[in-house]
Each structure stands twice: as structure tokens, then as C-alpha cells.
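# Commentary on secondary and tertiary structure
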Amino acid sequence: MAASASPLGGALAGLRPPRVRGLDFTAVDFETANGFRGSPCAIGMVRIRDGNVDELYFKRMRPPAGFDRFDPRNVEIHGITPQRVAAEPRFGELFGEIREFIGTDTLVAHNAAFDAEVFESALEVSGLDSPGGLRMLCSVRLARAVYQLDSHALPKAAAEAGFHLKHHHHALWDARAAAAIVVDIAERQRTNRLQQLFAAQQIEAEELEAWTAPRAYESRATRQVRSYAHLLDATAAGVTDAMMPDLMRWQEEGRNLPPSPEADPGHPLYGQHLVFSGNLALPRPEAKALAAEHGATTSSKVIGATTMLVIGDGVSLQDIEQAVHGGAPVAPMQARKVREALARRAKGQPIRILTESEFRELLGQRWPLPR
């Protein structure tokens, strides 16, 4: 497999008979420097024409300034270090070239929501306008609907499609794998219409909206990191690896510890019953331990005793107000715990809903990450 810093060669698809005549799209995959979606350090794209690989694009890059610290956990996954991208352009400098390669194609990615958020957040923190019009379909959702596998992770789904994923977490190889899955399923379903292929499984496209920078209301991922962006800034002094927020992994609930008998009865968390929803800058077990230290009880679901729900995922006071007053809720406000809390509030249970920033303020000096 060839890889280059720019699009490779001329059309390749015309060198062989059409595999699925009329099946055209571009597959994409990003790798990121840290847990923030807006820190891309590599992109791979594969243009598909008539079901065959037509053109490849691969580029390493420096993430947007201020969000470019490399987390060792990410480096361990993809192997890209700050030194490997030190001489590369930043995402903002490459975006025009990336957009030109995509053209009018619909994009495909294995977990399209992630790659859509990379585009969105990287544009936001780069201070760029969004052209809108980027549409992304998810190959993992399509694979789940069609393949009978114990896991639909990219290596196994690609193997089912007949593609050997030799270098997982290399952006170009992963994009090729996603493309292979869609082409294989199109062959099985005997259709060359990309939209119809996904619509048959009730899979809708993620779509990037247009905006003029600065964006009036930023995405969930970007709003979440604004208050501790210095932790992601490669030029900030005094930031250790242990301080890096782990925003990419599923939050483990951790133990529900008993309230500390030494807690100050005058603290606003004392005697409260807390539940957490969504990703916080802290691992959830640490957040629970801090709540218990201040005399609070924690649990893993909203119950009759719950008095506080802390929501991460970049939720703002505006988001909470909108959901409480019956407006269309943003995605984090549709989580099961949040819906349960809102339903109980509507029936009279006194549950206070807090943002991560409000929880951090309640902890004051005990908040373990630098402000």
C-alpha cells in the first residue's frame, strides 16, 4: 500500500473492471493526539469509484495550536509522536486540500460520529469557517446490521469483507478497511446506491453544518475542553501525563463509597445524593471519591434518593435550561440518566442538575486538575 502526503497518482479504478458499477464515495479515518476530538494528527482517505479504490490520500499533521499536546495513551495506540509531526502543517493549513480531495462525495467512516466530531472541533479551535455540506455515513452501524459477528470492531468487520487490516490505527489502512466493508455489503445487497444501502438499515448521515468563525454555539466536544484547554496545550508548563483528561474511553462507574464521617457539614455537597452522567475531565471513580470526601452519597443510577445529577460531555447551563423547559435537548441531555432525572423532576422530586463546571466550583481547591 502506498501512502503519501498528497493524493496519489491518477485514477486507479479504471485499471480494473467495475466491482460495483456506480458505487462512489470517499472513506475517511482520523487519528488524534489526545482525547479531544479537535486534535487530529493524521488523516487517511480512500476515494472509491465503481466499487474500486481510485485514489488514496494520507497526511500526518500538527493538531490545532493550543490543543496539540500528545497523550501517551494515544501515542501508544497509533505510534505518532510530536517529533514525527513537528515539521508538518497544522490541520487548518491542510483543510482546503482535504476538502478538495473529498469534493462532492459522501464520506464513510467506521464510527462516523467520531470522525464528524473531529472535523467539527478541529475547525472550531482552528478559528475556521465551516463550508458545511460534509455528509458522513457509519460503516460500523452498517456492519452491525448485516454481518453476524461477535464483534463489529474494524479488524473483524474488515476480515468479514475480505480485507486484511494489516496496520490497525494507521489512518489510511483504517479508511481502506471501512471502504472495503461498504463495498462488500453493497455487493451482498446488490445495490450501487450508497444512500439506499444505508437507508435500508435506518442509518442516517452525520452532517457538518456551515458557520462563520467564531461559531456562536460550539460543539459538545469543544465546549467540554474550553475550561481546561491549557492541559491540552503543548506549550503550557507544568502539565504532566497524569493530568491529561481521558475523554475517549467509556466511563467506568467505579465504586460508590460511603460519605466521609470527617466531612464538613457546611459544605454544599454534604448530605447530597449524586449521580454522574457523561464524560468528565476526571475519571468517574475519582469524581465519586471527591463527592464522598465532602459527605455526599453516590450511586450509579437515578433513584428516589437522588438530589443532584452532574452531567459532563460539555453540557452548558443553556442546554440544561432548554431541556428542563421542554426544548429540543442536545445529545448528552438525551442520556438515560438525564431523561430519568428530568422525568422525576417533573413529578416533583427535587433534583438539581449541574454542569461539570458547577461541580468543579463546588469542589473548589479539591479539584485535582489545574484551572
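For the structure, check the block above.
Starting from 1, residues in each chain are numbered consecutively following that chain's sequence as written. Owing to the predicted nature of the model, reporting of local features is limited to residues with pLDDT of at least 70; listing and counting of side-chain atom pairs is limited to 80 or more, with chain, interface and lining totals taken over all residues. Calculation of side-chain values draws on the structure's entire complement of heavy atoms; hydrogens and water are dropped beforehand.

Moving on to the packing of helix α5 (residues 139–146) against helix α7 (residues 171–189). Relative placement of two packed helices is described by the angle separating their axes and the distance separating the axes. In contact at an axis separation of 10 Å, α5 and α7 are set at 40 degrees when each is read in the N-to-C sense. Classified by the angle between their axes, α5 and α7 sit oblique to one another. Handedness of the α5/α7 crossing: left-handed. Note on element contacts: α7 touches α5 through Ala 178, Ile 181, Val 182, Ile 185 and Gln 189, opposite Ser 139, Leu 142, Ala 143 and Val 146. The nonpolar class holds Ala, Val, Leu, Ile, Met, Phe, Trp, Tyr, Cys and Pro. Asp, Glu, Lys and Arg form the charged class, and all remaining residues, Gly among them, are polar. Of the residues assigned to the contact of α5 with α7, the class counts are seven nonpolar, two polar and no charged. In this description, a line fitted to the C-alpha atoms serves as the axis of each element, helices being fitted only across the stretch in contact, and the angle between N-to-C directions of two axes falls anywhere from 0 to 180 degrees. A run of H or I in DSSP counts as a helix once it spans at least four residues, and a run of E counts as a strand once it spans at least two, with each numbered from the N terminus. When an angle is under 35 degrees it counts as roughly parallel; over 145 it counts as roughly antiparallel; between 65 and 115 it counts as roughly perpendicular; any other value is oblique. Definitions for this section: a left-handed crossing has its near helix turned counterclockwise from the far helix by less than a right angle. A right-handed crossing has that turn clockwise. In what follows, a contact means two residues having at least one pair of non-hydrogen atoms within 4.5 Å.

In this fold, Asp 313 is placed in the loop between β11 (308–311) and α11 (317–324). Residues contacting Asp 313, with those up to four places away along its chain left out, are Arg 220, Gln 224, Gly 278, Asn 279 and Pro 332.

With that settled, consider α5. For the exposure calls, accessible area comes from a 1.4 Å probe over protein chains only, and a residue counts as buried if that area is under 20% of its type's maximum, exposed if over 50%, partly exposed in between. For α5, the complete set of buried residues consists of Ser 139, Val 140, Leu 142, Ala 143 and Val 146. For α5, the buried positions fall inside an angular range of 160 degrees around the axis, keeping them on one side. Tucked into the core, α5 has its buried residues touching β4 (107–109), β6 (135–138), α6 (154–160), α7 and α8 (194–199). Note that the arc is defined by the directions from the helix axis to the C-beta atoms.

We call two strands paired when DSSP finds no fewer than two bridges between them. Reading across from one edge, β3-β2-β1-β4-β6-β7 is the order of the six strands in this open sheet, with mixed pairing throughout. The outermost strands of the open sheet, each flanked by one partner alone, are β3 (52–60) and β7 (206–207). Sheet topology note: the strand β2 (residues 40–49)/β3 ladder contains eight bridges and is antiparallel. Counted as the bridge partner of Ile 48 is Val 53 from β3. Across the face of the sheet, helix α4 (residues 112–125) comes into contact with β1 (25–32), β2, β4, β6 and β7 while running at roughly 70 degrees to β1.

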